[in-house]
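So you can see what is in the structure, the chains are spelled out below.
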Amino acid sequence: MRKPSHPVANRPSPPDDTPPPPLRGILRQVRGRLITAVVLQAAAAVAGVTPFVAVARIAVHLTGDSRPQADDLWPLVTVACVSGLTALVLGSAAGFVSHIADNDLQLALRRRLAAHTGGLPLGWISAGGASQIKRAVQDDVRALHTLVAHTLLDVTALLVAPAAALVYLFAVDWRLALLSILPLALGAYLFGRAMSGAAAQMAEYGAALGRISSTAVEYVTGIAVLKTFGRGRKGHDRFLTATDGFADFFTTWVRTTLVTSTGALLVVSPVLVLLLLATAGTVLVANGWMTGADLVPFMLLGPAVAAPMSVVGTRVQQIRAGQAAAARISALLGRPALPQADKPLTPKGSRVSMRGVSFSYDGHIDVLSGVDLDLKPGTITALVGPSGSGKSTLASLLLRFQDVTAGAVTIGGVDVRHMSSACLYQNVGFVLQDVRLLHASVADNIRLGRPTATDEEVERAARAAQIHDRIAALPDGYATEVGTGVTFSGGEAQRVSIARALLADAPVLVLDEATAHADPHSEALIQTALSTLAAGRTVLVIAHRLSTIRQADQIVVLDGGRVAERGGHEELLVAGGRYASLWKAQSTGRNAQSTGRDETGEQAPVPSPAGLGRSDDAREGTPR
Ligand SMILES: Nc1ncnc2c1ncn2[C@@H]1O[C@H](COP(=O)(O)OP(=O)(O)OP(=O)(O)O)[C@@H](O)[C@H]1O
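Residues numbered from 1 in each chain as written. Predicted model: local features only at pLDDT ≥ 70, side-chain atom pairs only at ≥ 80, totals over all residues.

Draft legend 1. Representation of the overall build of the protein in the model. Helix and strand counts for the protein stand at 20 helices and ten strands. In the protein, which comprises 624 residues, the share counted as buried stands at 34%. (Helix = DSSP H or I, 4+ residues; strand = E, 2+ residues; numbered from the N terminus. Buried ≥ 20, exposed ≤ 12 C-beta atoms within 10 Å, placed from the backbone.)

Here it is in structure tokens:
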């Protein structure tokens, strides 16, 4: 694999776009608040144990030989009430502070993620990175909320309260105090056994759930195709196999851990702990080794010593989920953004030049190798070649969806890596197959190309893009909300995106010609709109059907990531090479259609593409 050869790749980012600190750096910002919350929660836990101690002391007075004195009892009642209230106040304060810390953390994280992901290569985002970003911003930040705002305090309380209780119980009677640790120790042992291998089991649990969801998606999305071919049962079978597999795995897992996990929960249950302490206490009291009053604190606090074991599974799960979420967020923040130039340059003109361009997605296999290409200003260059030959990848490098691994792409003499993003997209517009319209008015969707455009300019662009009549017929016209008020067909959405590109008025254009699946009427409209858009610009078009690019100034044939041939249509036909065979193959297909009958014997549609050639008609109506 070739190494990045361009100096800009290693340049530091500009000061206002500093690289994101690791997650630990963001956590450090809220560390002070988290420590305060933990201290408050620990104090609340100690205060929460105090009323039980006061009640135990009251019991000593009530069961003593002499008549209890109000002066002895009231201070204890006061201590019980005040400490109970203090525990409530401190606990609420701890929750408040931890939620403030969590709020700051979420804000800092979401801001950092938004800033960082904004600079990630668009190629990575559109090839599946978007779902990773969604997961990090929504699910993972939420998992951290549980960890920071709740689990941290729960664990503090679960550790401090039993420890405080044990200190007091040891002061009362060390023998019974030792016995009260027994359920905790036994519970920890059994729980440890139940959890052994849990990490692997959890991984398999996640994988089995993943198999169910992927086969469910496959089943739902492919059901129409499968049913059409009478294979509906097949998709169903794969889904059922996945659910059966999950059920088998889960049953086996539960069966092997059932005895130990139930045993763990049983030995730490309050009833069993009370029974144990009451029995042992009765023996001690009956033998005169301790007083009946001393048994009271054990009855009150004994169950609390073992209680944390009953929720340890849930807390461990939350901590693991939080750790996994933190790791994913860190990985996303650590993903290298596209380097930004220190001193962005502005291109002079619209000549596009590619020199020795190579690119690899995985860092091992080059999908483009040593491509040289020149797009003269105002000319149309068509990229053709078999599927997978690298057409879309080459076009995406001009849009800087990702950076070349070797060589350089320049516009107007300036390397695309030396331009700011804003400058790049002012100079290069694009209309791709996969059109994304926003949940906004139709006018605002078109205005994305130039936010300051007037209503008249928006309408003029829509007319030139052959979509005005459709928009005008909508109930709210240009104010209709996309997604709620109107759902555009693929061809219509593409014409909206052509209007957007017309308004943006970039001198260089990348078009992914996508009329192959449109009906003849829609195809003719798109081709007319594209011809209008292409007029006077430097165009790189990814051509899927050769009939539409016969008039192109230059046709470049890619094969296996290399330029196999280049020239005009007639020239390449005469050469009798790769292009000539592609043309022959597609002509045979067209001739089969032009007989007017398809394979079923039905009347077949006859396409009438306007093509991407230069025509005076095409130039009319352009808003440029
Ligand atoms: N995001 C990606 N990650 C990894 N490999 C990719 C990615 N996108 C494309 N490829 C691979 O790069 C090669 C070139 O793909 P590309 O989409 O550029 O070809 P193409 O000529 O445009 O194909 P088509 O005409 O089918 O759209 C193919 O082998 C493809 O599998």
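Picking up after the structure, the text goes on.
Draft legend 2. Quick look at the site of the ligand. The environment of the ligand is made up of Ala127, Tyr361, Val367, Gly385, Ser387, Gly388, Ser389, Gly390, Lys391, Ser392 and Thr393. At three residues, helix H11 (residues 391–398) tops the list of elements feeding residues into the shell around the ligand. Partitioned by chemical class, the residues of the shell around the ligand number three nonpolar, seven polar and one charged. (Near = placed C-beta within 6 Å. Nonpolar A, V, L, I, M, F, W, Y, C, P; charged D, E, K, R; others polar.)

Draft legend 3. Focus on the packing of helix H4 (residues 122–172) against helix H9 (residues 292–306). Contact pair H4 / H9: the axes reach a minimum separation of 9 Å and the direction vectors enclose 155°. When the interaxial angle is binned, H4 and H9 end up roughly antiparallel. Relative to H9, H4 is oriented so that their crossing is left-handed. Between H4 and H9, the residues in contact are Ala161, Pro162, Ala165, Leu166, Tyr168, Leu169 and Val172 and Asp294, Pro297, Phe298, Leu301, Ala304 and Val305, respectively. (Axes fitted to C-alpha atoms, helices over the stretch in contact; angles between N-to-C directions. Parallel < 35°, antiparallel > 145°, perpendicular 65-115°, else oblique. Left-handed = near helix turned anticlockwise from the far one by under 90°. Contact = placed C-beta atoms within 7 Å.)

Draft legend 4. Expanded view of the nonpolar core. If you look at the biggest cluster of nonpolar residues, it comprises 71 residues, and the most contacted ones within it are Ala382, Leu383, Ala499 and Val541. Tallying contributions element by element places helix H16 (residues 490–504) first for this core, with seven residues. Here Leu383 is in contact with Lys391, Leu394, Ala395, Leu540, Val541, Ile542, Ala543, Val556 and Leu558, once residues within four sequence places are set aside. (Core = buried A, V, L, I, M, F, W, Y, C linked by C-beta atoms within 7 Å.)

Draft legend 5. Main features of helix H8 (residues 270–286). Between its first and last C-alpha, H8 extends 23 Å over 17 residues, near the 24 Å set by a 1.5 Å rise per residue. Considered for burial, the residues of H8 that qualify are Val273, Leu277, Gly281 and Leu284. Seen along its axis, H8 keeps its buried residues to an arc of 55°; they face one direction. For H8, exposure combined with an orientation more than 90 degrees from the buried face picks out Val271, Leu275, Thr279, Thr282, Val283 and Ala286. (Expected span 1.5 Å × (residues − 1). Arc of directions from axis to C-beta.)

Draft legend 6. Up close: the environment of Leu90. Note on placement: Leu90 falls in helix H3 (residues 70–117). Sequence spacing of Leu90 and Ala43 is 47 residues, and the spatial spacing of their C-alpha atoms is 7.0 Å. Beyond its immediate sequence surroundings of up to four residues, Leu90 is in contact with Leu40, Ala43, Ala44 and Ala47.

Draft legend 7. The UniProt feature "transmembrane region" (unreviewed entry) in the protein, seen in detail. Per the UniProt record, "transmembrane region" (unreviewed entry) is found at residues 34–56, 76–101, 152–170, 176–192, 264–289 and 295–313. With 81% helix and 0% strand, residues 264–289 has end C-alpha atoms that lie 31 Å from one another. With 95% helix and 0% strand, residues 295–313 has end C-alpha atoms that lie 31 Å from one another. (UniProt positions renumbered as here; feature names shortened; annotations may be inferred.)

Draft legend 8. Spatial organisation of unusual backbone geometry. Despite not being glycine, Gln466 shows a phi value in the positive range, around 65°. For Gln466, a count of 23 C-beta atoms within 10 Å gives the class buried.

Draft legend 9. Expanded view of the sheet that holds strand E7 (residues 508–512). Read across the open sheet, the six strands follow the order E6-E7-E8-E3-E9-E10; overall the sheet is mixed. One side of each edge strand has no neighbouring strand; the edge strands of this open sheet are strand E6 (428–431) and strand E10 (562–567). The sheet shows a mean angle of 20° between the axes of neighbouring strands, taken without regard to direction. Inspection of the sheet shows strand E3 (residues 380–384) paired to strand E8 (residues 538–542) by four bridges, in the parallel sense. Its bridge partner being in E8, Leu383 is matched across the sheet by Ile542. Most of the contacts of H11 go to E8, to which it runs at about 150°, and overall it touches E3, E6, E7, E8 and strand E9 (554–559). Taken strand by strand, H16 contacts E6 and E7, and its axis lies near 170° from that of E6. (Pairing = 2+ DSSP bridges.)

Draft legend 10. Main features of the environment of Asn103. Among the secondary structure elements, Asn103 is positioned in helix H3. Spatially, the C-alpha atoms of Asn103 and Val148 are 9.7 Å apart, while their sequence positions differ by 45 residues.

Draft legend 11. Examining the pairing of E10 more closely. Bridge count for E9 against E10 is five bridges, and the pairing is antiparallel. Residue pairing in the sheet places Val556 in a bridge with Arg566 of E10. Hairpin geometry of E9 and E10 is characterised by an intervening segment of two residues between the two adjacent antiparallel strands and by a positive phi of about 55° at Gly560.

Draft legend 12. Layout of the packing of helix H14 (residues 455–464) against H16. Remark: H14 packs on H16, axes separated minimally by 8 Å, with the N-to-C direction vectors making an angle of 125°. Our classification of the angle between H14 and H16 gives oblique. Of the two possible hands of crossing, H14 and H16 adopt the one that is right-handed. Contacts between H14 and H16 involve Glu457, Val458, Ala461, Ala462 and Ala464 on the former and, on the latter, Ala499, Leu502 and Leu503. For the contact of H14 with H16, a count of residues per class yields seven nonpolar, no polar and one charged.

Draft legend 13. Examining the sheet that holds strand E1 (residues 352–360) more closely. In space, the four strands of this open sheet follow the order E2-E1-E4-E5, with antiparallel pairing throughout. Among the strands making up the open sheet, the edge pair consists of strand E2 (366–375) and strand E5 (414–415).

Draft legend 14. Spatial organisation of the pairing of strand E4 (residues 406–411). Alignment of E1 against E4, held across five bridges, turns out to be antiparallel. Pairing of Arg355 across the sheet is with Ala408, part of E4. As defined by bridge partners, E4 adjoins E5 across two bridges and the pair is classed as antiparallel. If you follow Ile411 over to E5, its bridge partner there is Val414. Linking two consecutive strands that pair antiparallel, namely E4 and E5, is a turn of two residues; a positive phi of about 50° is found at Gly412 within it.

Draft legend 15. View of the confidence of the model for the protein. In the predicted model, the protein carries a mean pLDDT of 82, and 87% of its residues have values of at least 70. Here residues 1–21 is a poorly scored stretch, pLDDT under 50, and it has 36 contacts once near neighbours within four places are set aside; other chains count. The model gives residues 595–611 a pLDDT under 50, and that stretch makes 30 contacts with residues more than four places away or in other chains. Here the predicted complex carries an ipTM of 0.97, next to a pTM of 0.66. (pLDDT = per-residue confidence, 0-100.)

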